[in-house]
Amino acid sequence: MAAYAQSKLALILFTRELASRLKGTGVTAYSPHPGMTKGTDMSKEYDTSFISGLSRKLFFFLFGAIMKTPKEGAATTLYCALDESLVDESGFYYEDCKRKETTSQARSDADARRLWVESLKLVGLEELYVDKILKSSPNFNSNL
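Just so it is clear, the structure is predicted and the values come from calculations on it, not from any experiment. Each chain has its residues counted from 1, running along the sequence as written. Two thresholds apply to this predicted model, a pLDDT of at least 70 for residue-level local features and 80 or more for giving and counting side-chain atom pairs, whereas whole-chain, interface and lining totals are computed over all residues. To get the side-chain values, take all heavy atoms of the structure and skip hydrogens and water.

Participant: Mind showing me how you'd approach the nonpolar core here?
Facilitator: As a rule of thumb, soluble globular proteins bury nonpolar side chains together. Side-chain atoms within 4.5 Å are what join buried Ala, Val, Leu, Ile, Met, Phe, Trp, Tyr and Cys residues into a set we call a nonpolar core. Each residue is assigned to one of three classes by its accessible area relative to the maximum for its type, calculated with a 1.4 Å probe on protein chains only: buried under 20%, partly exposed between the two thresholds, exposed over 50%. Counting six residues, the largest nonpolar core is built from Leu9, Ile12, Leu13, Tyr93, Ala106 and Ala112. Note on contacts: a residue pair is in contact if any heavy atoms of the two residues lie within 4.5 Å. For isoleucine 12, the residues in contact, after removing those within four places along its chain, are Ser31, Tyr93, Thr102 and Ala106.

Structure (structure tokens):
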């Protein structure tokens, strides 16, 4: 569960930094959370031993009734992508088609910036190259 929480935090922070860099370009970025969704194969990476298989069955028995269908799980992502009222709300976290407050750690501009820089290093890109791509947008905000 710790790895899941860290990856969710990274997605939120990266989205915040990306939205900051895209401000004024007409391009938006969001962190939509689909919720606990049936039929998504989230458990396929887990150990397939008898114990973990039994645990998965127990989990789905206990929580299956409250899990979302794939269509319900996709609703927030579609909302973020298609609802024109969100055009000025770039960089935020959404759940159940609503903007949600995040933890203070997920709102850290310093952590978002540090994650951005480390991500560039990991994929072999340089800051100037990425900024040049962003600036090629006809609506680029030169105040970045």
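What follows picks up the thread again.
Participant: How should I be thinking about unusual backbone geometry in this particular structure?
Facilitator: Comment: phi is negative for the bulk of residues other than glycine, and the bulk of peptide bonds are trans. Although it is not a glycine, aspartate 96 adopts a positive phi angle of roughly 50°. Each helix is a run of DSSP H or I of at least 4 residues and each strand a run of E of at least 2, with the numbering of both proceeding from the N terminus. When you line up the elements, aspartate 96 lands in the loop between strand E2 (93–95) and strand E3 (98–100). One non-glycine residue, cysteine 97, lies in positive phi territory at about 60°. Mapped onto the elements, cysteine 97 comes out in the loop between E2 and E3. According to the relative accessible area criterion, cysteine 97 is partly exposed, its value standing at 29%.

Participant: Can you walk me through the packing of aromatic side chains in this structure?
Facilitator: Ring pairs (aromatic) are described by centroid distance and by the angle formed between their planes. What counts as a ring pair is set by centres within 6.5 Å for rings of Phe, Tyr and Trp (its six-membered ring), and what kind of pair is set by the plane angle: stacked under 30 degrees, edge-to-face over 60, tilted for all other angles. Inspection of every chain in the model, using the stated rule, returns three aromatic pairs. Centre to centre, the rings of phenylalanine 14 and tryptophan 116 are 5.1 Å apart; their planes meet at 25°, and the pair counts as stacked. Of this pair, phenylalanine 14 sits in helix H1 (residues 2–22) while tryptophan 116 is found in helix H4 (residues 109–123), placing the two residues 102 residues apart along the sequence. Each ring, one from tyrosine 79 and one from tyrosine 94, has its centre 6.3 Å from the other, and the planes form 65°; the classification is edge-to-face.

Participant: Can you help me understand the packing of H1 against H4 in this one?
Facilitator: Helices that pack against each other are described as a pair by the angle of their axes relative to one another and the distance between those axes. Simply put, an axis is a line fit to the C-alpha atoms, just over the touching stretch for a helix, and the angle between two N-to-C directions goes from 0 to 180 degrees. Relative orientation of the contacting elements H1 and H4 amounts to 90°, with a least axis distance of 8 Å. Overall, the two elements H1 and H4 adopt an arrangement that is roughly perpendicular. Taken together, the residues of H4 that come into contact with H1 (itself represented by Ala10, Leu13, Phe14, Arg16, Glu17, Leu18 and Arg21) are Asp109, Asp111, Ala112, Arg113, Leu115, Trp116 and Ser119. When residue character is reported, Ala, Val, Leu, Ile, Met, Phe, Trp, Tyr, Cys and Pro are called nonpolar, Asp, Glu, Lys and Arg charged, and the others, Gly included, polar. The class makeup of the residues in the contact of H1 with H4 is seven nonpolar, one polar and six charged. Note on angle classes: values under 35 degrees are labelled roughly parallel, values over 145 roughly antiparallel, values of 65 to 115 roughly perpendicular, and the remainder oblique.

Participant: Quick question: what am I supposed to make of the pattern of salt bridges here?
Facilitator: Side chains that differ in charge, positive against negative, can pair when their charged atoms come close. For salt bridges, the criterion is a side-chain nitrogen of Lys or Arg within 4 Å of an Asp or Glu carboxyl oxygen. Enumeration over the complete set of coordinates arrives at seven salt bridges. For glutamate 17, the salt bridge is made with arginine 21, and the minimal N-O distance between the two is 2.9 Å. Placement of both glutamate 17 and arginine 21 in helix H1 is noted, with a separation of four residues, approximately one turn of the helix. When sorted by exposure, glutamate 17 lands in the same class as arginine 21, which is buried.

Participant: Please explain H4 as it appears in this structure.
Facilitator: Because the α-helix completes a turn every 3.6 residues, residues three or four places apart line up on one side. The terminal C-alpha atoms of H4, which comprises 15 residues, lie 21 Å apart, in line with the 21 Å expected from a rise of 1.5 Å per residue. Just downstream of H4, glycine 124 is the residue with a positive phi angle, here 75°. Every helix has an expected span of 1.5 Å times one less than the residues it contains.

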